[in-house]
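Structure at a glance
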Amino acid sequence: MKEYLATSLRSRVTGALSDDNVGESVALCGWIHRRRDHGGLVFFDLRDRYGLLQCVASPERLPADVFAVVEKLRAEDVVAVEGKVLARPQESVNPEMATGTIEIDVVACRLLNESATPPFPVDVEKEGRGEVAEEVRLRHRYVELRRLIPTRALGLRHKITIETRRYLDGLDFWEIETPILTRRTPEGARDFLVPSRVQPGKFYALPQSPQLYKQLLMVAGYDRYYQLARCFRDEDLRADRQPEFSQIDLEMSFVGAEDVIAVVSGLFHHLFESCLDYQLGEIPTLTYDEAMSRFGTDKPDLRINQELTDVTGAFRDTGFRVFDDVVGAGGRLVALRVPAAGEESRGTIDRWTEVAGAAGAKGVVWARRQTDGWRTAVDKFVDSAYWDRAGELANAEPGDLLLVVADQQRVAQQALGELRLHIAIERDWLDDRSPWRLLWVVDFPLFEPGADGGLEPSHHPFTAPRGGLEALDASDPLTIESEAYDLVLNGYELGSGSIRIHQRPVQERAFAMLGIDRTEAEEKFGFLLEALEHGAPPHGGIALGLDRIAMLFAGATSLREVIAFPKTTSASALLEGAPSTPDEGDLADLHIRLDQADPPA
């Protein structure tokens, strides 16, 4: 533990004391964690951020007025204690406490503040949360933060940020802050808008990321930038999303994708070693097409050993219209092998079919590999010889189950990718021998089909096409590859980055292909286009989700566990009651009038 700076109220902290301090006199401050009265002697556990320490108060060694204070202590009272560090008797050593071999013989105790009865027990020695509803815990978050789980999680988050800064500073990155009040830019989610008081009718936007500012910093010549950036997105929430979040944002000039990947790979080797004492090893790289064909997702969890298999070649000219029509239209038949599931009930298979259906599959064909052949859902239409070939491709053995989706390639892959993940959790397919599986996914398409029949950027509209301006002349824009790369850990996307467009003609052409005409481009991005004409260097970077990294490192299941004061899934802050309704004076200052004719439910 670091050297603790003593104050006028305390000389040490609980977690810094050990057998080496026996015989020393100390002054401690903290909260009453638990109090016990044993035949006149009073034992209480003193808790601070650093740990727990047992204190013993004897009526024979304390003045009556001091002992009277000790007798009235209750859970979460704040106290100042003075005493001598003693070795515990052997029979009372507590091996579950870091300080379980010592105790404090109290010579003075002062009540600094009495606590009301806490809304739930603060049991920092146990990992469980009990039956306390999340709404109650978030409403009294300042009490929950005293517990062991959030204390450890926030301590680990602090360690991640410190080690990130140390690593990047060692590579001569500068930490530079970018504006919070900015203008709207299309980045895939709704903006939070802030009305301007001094410019009526105009609004700032809270940044979804510092993307354009960090590109401008590269134009300015600050060739290695980073920031622990606060970002905001007004989108529907899940366990791994919050309306305001933090990211490790970095950008570099005069680099290719391999240079950014090397720097970030080094960062994660450093973080795993310094924060988790874990040697990460080599980080593999998969292309986007390989990830989709093997795993059905661009963020695969490599701890799951089962992969998808393209079995289209095994089912040519079957005479079964469902299969033949898909193959004739250029689609694919993709299979997922489920080992030792040949006897699974139809109810289970129907449930799995629903999972694939929710991910876009029109249906799932099942086939059971038996010792004497195949039993399938389409026995009347597809001869077993076709299944023999498919089973050989998928390495199916007797007792296995094959689940096949026939559809357009990406639909079939994504549907079985979702099903693969679902069955992996249900049947515990995770490989515990390697708890951390990090990988890079590269060679993403530049565009993807838009909902309106046009194009959308696969990442964002500032991502460079591989091949520059000439690449944008491709007859099929969906075949254009980008200089993008994603970092994935255990099935979670930790970060997304790319080499950026650094020439105005390329950026204008990319905008045009996305349906952003010159007028709109000038209105929304004129400052960027102008900057690209003033000596913009080749540059690229990445944004890494700090909250998500902390969540995974801490073994948590929700971002809320690694954020000090998080929002609920309805974007509410239960502690302080945000968002709230402004009064009429505030609205008048901001030149806003609310339409109350049909208030929201």
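Below is a summary of the structure that appears in this document. Since this is a predicted model, take the numbers as computed values, not measurements.

1. A look at the side chain of Arg10
Inspection of the secondary structure assignment puts Arg10 in the segment before strand E1 (25-38). Arg10 sits in the buried class, given a relative accessible area of 18%. Filtering out sequence-adjacent residues up to four positions away, Arg10 remains in contact with Tyr4, Ala27, Leu28, Cys29, Asp48 and Tyr50.

2. Overview of the packing of aromatic side chains
The final tally for this structure, using the stated rule, is 16 aromatic pairs. Centroid distance Phe462 to Phe525: 5.6 Å. Interplanar angle 75 degrees. Geometry classified as edge-to-face. With Phe462 in the loop between strand E19 (455-457) and helix H12 (468-471) and Phe525 in helix H14 (residues 518-532), this pair connects stretches of sequence that are 63 residues apart. Grouping residues by exposure puts Phe462 and Phe525 together as buried. The lysine or arginine in question, Arg368, covers the ring of Trp366, its NZ or CZ lying 4.9 Å from the ring centre.

3. Some remarks on the pattern of salt bridges
Pairing between side chains becomes possible if they bear opposite charge and their charged atoms approach one another. As enumerated under the stated definition, the model contains 41 salt bridges in all. As a salt-bridge pair, Glu76 and Arg47 come within 2.7 Å of each other at their nearest N and O atoms. Note that Glu76 is positioned in the loop between helix H1 (64-71) and strand E4 (78-87) and Arg47 in strand E2 (residues 41-48), a separation of 29 residues in sequence. Here Glu76 matches Arg47 in class, with each residue buried. Between Glu290 and Arg294 there is a salt bridge, with the nearest N and O atoms lying 3.0 Å from each other. Highlighted residues: Glu290 and Arg294, both in helix H7 (residues 288-295), separated by four residues, approximately one helical turn.

4. Digging into helix H13 (residues 504-513)
Buried within H13 are the following residues: Arg504, Val506, Gln507, Ala510, Phe511 and Met513. Of the surrounding elements, those touching the buried residues of H13 are strand E18 (447-449), E19, H12 and H14. Of the residues trailing H13, Gly515 is marked for its positive phi of about 85 degrees.

5. Overview of the sheet that holds strand E20 (residues 484-489)
The sheet built from eight strands is open, its strands ordered E6-E9-E10-E22-E21-E20-E17-E11 with mixed pairing. Looking at strand neighbours, the two that pair on one side only are strand E6 (174-175) and strand E11 (285-287), the edges of this open sheet. Here E20 runs beside strand E21 (residues 492-499); their pairing, made up of six bridges, is antiparallel. Each residue of the ladder has a partner; that of Ala484, found in E21, is Ser498. Contacting strand E10 (244-253), E20, E21 and strand E22 (539-545), helix H15 (residues 546-554) crosses the sheet at an angle of about 145 degrees to E21.

6. Re the sheet that holds strand E12 (residues 308-310)
Read from one edge of the open sheet, five strands run E12-E13-E16-E14-E15, paired in antiparallel fashion. With one partner strand each, in any of the chains shown, E12 and strand E15 (373-376) form the two edges of the open sheet. Neighbour to neighbour, the strand axes of the sheet diverge by 30 degrees on average, direction disregarded. Relative to strand E16 (residues 401-407), strand E13 (residues 332-338) is paired through seven bridges, and the arrangement is antiparallel. Bridge assignment links Val338 to a residue of E16, and that residue is Leu401.

The rules behind these values
- Residues numbered from 1 in each chain as written.
- Predicted model: local features only at pLDDT ≥ 70, side-chain atom pairs only at ≥ 80, totals over all residues.
- Heavy atoms only, no water.
- Helix = DSSP H or I, 4+ residues; strand = E, 2+ residues; numbered from the N terminus.
- Buried < 20%, exposed > 50% of the residue type's maximum accessible area, 1.4 Å probe, protein only.
- Contact = heavy atoms within 4.5 Å.
- Phe/Tyr/Trp six-rings, centres within 6.5 Å; stacked < 30°, edge-to-face > 60°.
- Lys NZ or Arg CZ within 6 Å of the ring centre and 35° of its normal.
- Salt bridge = Lys/Arg side-chain N within 4 Å of Asp/Glu carboxyl O.
- Pairing = 2+ DSSP bridges.
- Axes fitted to C-alpha atoms, helices over the stretch in contact; angles between N-to-C directions.

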